[in-house]
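Observations on the model geometry
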Amino acid sequence: MTDTEGDGESTDGRVDRRSVLKGTAAAGLAGTALAGTAGADGDEKEIRFCAAGDDTFDYFVRVSGSLERGGKYESDEYDAVGDVFAEGATSQERCDSFMFTGEIEELKLSGPGKVYVDGDLLKDTTKDDSDDQKLSNTVTIEAEGEKVEYKFRVSGEVEKGPEAGTLGVDTIDGNVVRGTVGGTVDGNEDPVDDYRYSGAIAFAEADGPLTVTLDINPD
């Protein structure tokens, strides 16, 4: 592993044996991509995990294509790397990087750090704000007429807004949301669901027409 962007100098220092995230497997959404991930399976991109300070930054990433060690920074022997995933940790303002193709299907992070894809910031865990500030993005899902089932996933956290689940059956399982909107429930119309979330968002194909509106807070 080497130092983060700034001085670009390498170091022989190693982080003490670190705990990495376990049991992070979750259902992926085939055919969808998080913002900032590769758009075509053959396009190789770099994903970089950078610790924000001395504390350990744990990560797990799984992609739909392939993944290997590489990029500007080197991961060490403590980091587990498979054909489609990497699981490891870094600290002391160091970075690990990997090259991948396809889409990022799963991303789990713990501790203060930042994740970049080809130099663009994908995820920042360094801010310790209130829940309202952490879940600064909103998604509004609207249907006209018949009931429509939908499913989406976020790379951060998600919770229901005031309109979600008031009539239909809407559930949150980790960072995956399944719900219905539209039609009538006990004679009442259910045209809108809304959620607050952090990170990127990816929708699976719904079984009917929907209007999806995103309100993204750039901060």
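So, here's what we can say about the structure. Since the structure is predicted, the reported quantities are computational estimates derived from the model, not experimental observations. (Residues numbered from 1 in each chain as written. Predicted model: local features only at pLDDT ≥ 70, side-chain atom pairs only at ≥ 80, totals over all residues. Heavy atoms only, no water.)

1. Some details on the overall build of the chain
Of the regular secondary structure elements, the chain holds 1 helix and 20 strands. Within the span of the chain, comprising 219 residues, buried residues form 43% of the whole. For the chain, the proportion of contacts with a sequence separation of at least 24, taken over those separated by at least 6, is 74%. Within the structure as shown, the chain displays about 11100 Å² of accessible surface, and the carbon and sulfur contribution to it stands at 41%. (Helix = DSSP H or I, 4+ residues; strand = E, 2+ residues; numbered from the N terminus. Buried < 20%, exposed > 50% of the residue type's maximum accessible area, 1.4 Å probe, protein only. Contact = heavy atoms within 4.5 Å. Areas by Shrake-Rupley, 256 points an atom, 1.4 Å probe, with all protein chains shown as cover.)

2. Looking at unusual backbone geometry
In this model, glutamine 92 sits at a positive phi of 55°, which is unusual for a non-glycine residue. Considering the arrangement of structural elements, one finds glutamine 92 in the loop between strand S6 (85-90) and strand S7 (94-100). Overall, glutamine 92 belongs to the partly exposed group, its relative accessible area being 40%. For glutamate 93, which is not glycine, the phi dihedral falls at a positive 60°. Examined against the element boundaries, glutamate 93 turns out to sit in the loop between S6 and S7.

3. Description of the sheet that holds strand S13 (residues 158-160)
As a general point, the strands of a sheet are linked pairwise by backbone hydrogen bonds and lie either parallel or antiparallel. Spatially, 4 strands are ordered S13-S18-S11-S20 in an open sheet, and the strand pairing comes out antiparallel. Each end of this open sheet is capped by a strand with a single partner; those strands are S13 and strand S20 (211-215). Between one strand axis and the next, the sheet turns by 20° as a mean value, whatever way the strands run. Pairing analysis gives 6 bridges linking strand S11 (residues 137-142) to strand S18 (residues 192-197), with the strands arranged antiparallel. Residue pairing in the sheet places valine 139 in a bridge with tyrosine 195 of S18. (Pairing = 2+ DSSP bridges. Axes fitted to C-alpha atoms, helices over the stretch in contact; angles between N-to-C directions.)

4. Notes on the state of the cysteines
Throughout the structure, instances matching the rule amount to 1 disulfide. Paired by a disulfide, cysteine 50 and cysteine 95 hold their sulfur atoms 2.0 Å apart. On the sign convention where negative is left-handed, the bridge of cysteine 50 and cysteine 95, at about 110° about the S-S bond, is right-handed. Note that cysteine 50 is positioned in strand S2 (residues 45-51) and cysteine 95 in strand S7, a separation of 45 residues in sequence. The same class applies to cysteine 50 and to cysteine 95, which are both buried. (Disulfide = S-S within 2.5 Å.)

5. Points about the nonpolar core
Membership of the largest hydrophobic core comes to 16 residues, with the highest contact counts inside it found for Ile47, Phe49, Val61, Leu67, Phe98, Phe100 and Ile104. Residue assignment for this core shows that the elements contributing at least two residues are S2, strand S3 (57-63), S7, strand S8 (104-110) and strand S9 (113-117). When residues of this core are assigned to their parent elements, the largest contribution, 4 residues, is made by S3. Ignoring anything within four residues of it in the chain, the contact list for isoleucine 47 reads Val61, Asp96, Ser97, Phe98, Phe100, Ile104, Val115, Tyr116 and Val117. Val148, Phe152, Tyr197 and Ile201 belong to the second largest nonpolar core, which has 14 residues in total. (Core = buried A, V, L, I, M, F, W, Y, C linked by side-chain atoms within 4.5 Å.)

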